[in-house]
Amino acid sequence: MKKKSKKKQIARVIAAILIIVLAGVASYHGSKAIFTHKFRKDKEEAERKEQEELINTIQKNYVTVVRVGKLTALRIFNTEKSELTFVLMRPDSDLFTYDEEGNGENIKKVVNNIQNAYSVAANSYEDFDQTAFADFINHNDSFECDLPHAVSYKDTNKMTVHLDAGEHILNGGQAWGIISGAGEYDSQEEYMENTKAVLEGFVSMVFDDPTKESITSIADIIFDNCKSDVTADKIKNYIPLYAKLTTADVTITEFEGKETSNGFEVDIDKAKELISDITDTTKDKASTEKTTSKKSTTEKKKATTEKTTEEKETISSEGKSIYIRNAAYINGLATKWKSKLTEDGYIINSVDNFDKTYDQTIITVSEKGMGQDLKKKYFKNAKIQVGNVEDGADICIYLGKDADTL
């Protein structure tokens, strides 16, 4: 009897231990579930608060004064409507003054003058000199641009560079020469039209298929090169919003005014009205200028399609009479290319210097379809134009500085 009693006691103890263990396990899993749920809720609440704080830091309109040489513009990002607008201001307007060397006033004073004149509050400024702007463009990528007018300007080596009207692939130095106000134009209207064309080309490159990474990279490059009162970190909350833009969301316009004996006089009332329309967060997106921008983008795509079709209609340059002209003023460049092309089976009948300096190689051909194979294989950034070729040759290659690759 005693043995049975003892066995029962041991069984009770084991049962009690099992109950305690099972209760502990259940308690652990229950506590874990409660803790996990609470952690998840806390995390969601923290993320919600962070998102609210992010939204609160974003302005409905973020206005930046951008200056590139003599060109000054407002870059207005209407975050409510996801619209980005560049408002260009003519360098000869009564708002700007320059010293004998062509340098403008201190950028902070320029910002203050713009704010007072047009009743607009600027959030920041970006001021580019020649080196900074060229580096900014070159760190991104060269881009296509269809110039309405020819322009000549001095490069960093004080050499005259001439760009004809038509399609170009621009690098930083060329973009600076066109829009900085340093170029030679027949009128300010031609200058403004070329400037718009350059911006359209750059915008098409940036917002063709933007990502957070690509916009972040551009922002970093901007603030590494320009003078500004903010840093890339200060505008990081806007990066995801910029990444959602397309070329159709970008408008390039300018202030209206009239010519006077003292320069261009901006119509202040119309300027204020334009800024009011751009910054309005309640009106529909549709506007005349947006339609114009979309039309411009459509025409650009059409031109690209036509260009692609033209490139398919290629006439071989082998067996054609080819002249080479050194328009880069780089010693021996034309001779190097003569050796290279002759070695590859082309007929080079003449080599000489040219009396103008080009950054971009130009291939003049006597017949449409010629020169495409030369561009594709050797001069990828070259511009091809159909016209009279000197001395009756079939093709003349005007070597620009971009041909210094041998």
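Above this text you will find the structure in question.
Here the structure is a predicted model, which means the values were calculated and not measured.

S.K.: How do you make sense of the overall build of the protein chain when you look at a structure like this?
M.R.: Within the protein chain one finds 11 helices and 17 strands. Sorting the 406 residues of the protein chain into buried and exposed places 41% on the buried side. Contacts in the protein chain between residues at least 24 apart in sequence constitute 69% of all its contacts with a sequence separation of at least 6. Here the protein chain displays about 22,800 Å² of accessible surface, and carbon together with sulfur accounts for 50% of that area.

S.K.: Just to check I follow, could you spell out the pairing of strand E16 (residues 383–386) for this structure?
M.R.: The side chains of a regular strand alternate between both faces of the sheet. By the bridge criterion, four bridges tie strand E15 (residues 362–365) to E16 in an arrangement that is parallel. Looking at E16, one finds that Ile362 is bridged to Lys383. Handedness of the β-α-β unit built from E15, helix H11 (residues 372–377) and E16 comes out right-handed.

S.K.: I'm lost on the sheet that holds strand E14 (residues 347–353) in this one. Help?
M.R.: In sheet architecture, strand pairing relies on hydrogen bonds along the backbone and comes in two forms, parallel and antiparallel. Within the open sheet, the five strands sit side by side as E14-E13-E17-E15-E16. Their pairing is mixed. Looking at strand neighbours, the two that pair on one side only are E14 and E16, the edges of this open sheet. Geometrically, the sheet is characterised by an average inter-axis angle of 20 degrees between neighbouring strands, direction not taken into account. Pairing between strand E13 (residues 321–326) and strand E17 (residues 395–399): five bridges, direction parallel. Across the sheet, the residue bridging to Asn326 is Leu399, located in E17.

S.K.: Explanation requested: the sheet that holds strand E4 (residues 124–128) in the structure shown.
M.R.: Here six strands make up an open sheet; going across it, the order is E9-E4-E1-E2-E3-E10 and the pairing mixed. Both outer strands of the open sheet, strand E9 (227–228) and strand E10 (250–254), are each paired with one neighbouring strand and no more. As defined by bridge partners, strand E2 (residues 71–78) adjoins strand E3 (residues 83–89) across seven bridges and the pair is classed as antiparallel. Residue pairing across strands places Leu74 opposite Val87, the latter belonging to E3.

S.K.: I tried to follow empty space enclosed by the protein on my own but got confused; where do I start?
M.R.: To find the voids left in a structure, one rolls a probe of water-molecule size over its atoms. For the coordinates displayed, the defined rule picks out two cavities of 30 Å³ or more. Taken as a whole, the largest cavity holds about 600 Å³ of empty space. Lining the largest cavity we find 34 residues, and of these Arg75, Phe86, Glu126, Phe202 and Ile222 sit closest to its centre. Looking at the lining of the largest cavity, the elements with two or more residues in it are strand E1 (61–68), E2, E3, E4, helix H3 (130–140), helix H5 (188–206), helix H6 (212–225) and helix H7 (239–242). By residue class, the composition of the lining of the largest cavity is 29 nonpolar, three polar and two charged.

S.K.: Whenever I open this one, the nonpolar core confuses me. Can you help?
M.R.: Across soluble globular proteins, nonpolar side chains have a tendency to be buried as a group. In terms of nonpolar packing, the biggest core is built from 54 residues, with Phe128, Phe133, Phe136, Ile178, Val198 and Phe207 touching the most fellow members. Among the elements that take part in this core, H5 stands out by supplying eight residues, more than any other. The contacts of Phe136, once residues within four sequence positions are left out, are Phe128, Phe202, Ile218, Ile221, Ile222 and Asn225. The next biggest cluster of nonpolar side chains, apart from the first, holds 23 residues, and it includes Leu95, Val111, Val266 and Ala271.

S.K.: Just to check I follow, could you spell out the side chain of Ser93 for this structure?
M.R.: Looking at the secondary structure, you find Ser93 in the loop between E3 and helix H2 (107–118). By relative accessible area, Ser93 is classed as buried at 4%. Those residues in contact with Ser93 that sit more than four places away from it in its chain are Phe264 and Val266.

Quick notes on the rules
- Residues numbered from 1 in each chain as written.
- Predicted model: local features only at pLDDT ≥ 70, side-chain atom pairs only at ≥ 80, totals over all residues.
- Heavy atoms only, no water.
- Helix = DSSP H or I, 4+ residues; strand = E, 2+ residues; numbered from the N terminus.
- Buried < 20%, exposed > 50% of the residue type's maximum accessible area, 1.4 Å probe, protein only.
- Contact = heavy atoms within 4.5 Å.
- Areas by Shrake-Rupley, 256 points an atom, 1.4 Å probe, with all protein chains shown as cover.
- Pairing = 2+ DSSP bridges.
- Right-handed = clockwise from strand over helix to strand, strands pointing away.
- Axes fitted to C-alpha atoms, helices over the stretch in contact; angles between N-to-C directions.
- 1 Å grid on protein atoms, 1.4 Å probe; cavity = no way out; pocket = protein on both sides within 12 Å on 5 of 7 lines; lining within 4 Å.
- Points joined across faces, edges and corners; volume = space filled by probe spheres on them.
- Nonpolar A, V, L, I, M, F, W, Y, C, P; charged D, E, K, R; others polar.
- Core = buried A, V, L, I, M, F, W, Y, C linked by side-chain atoms within 4.5 Å.

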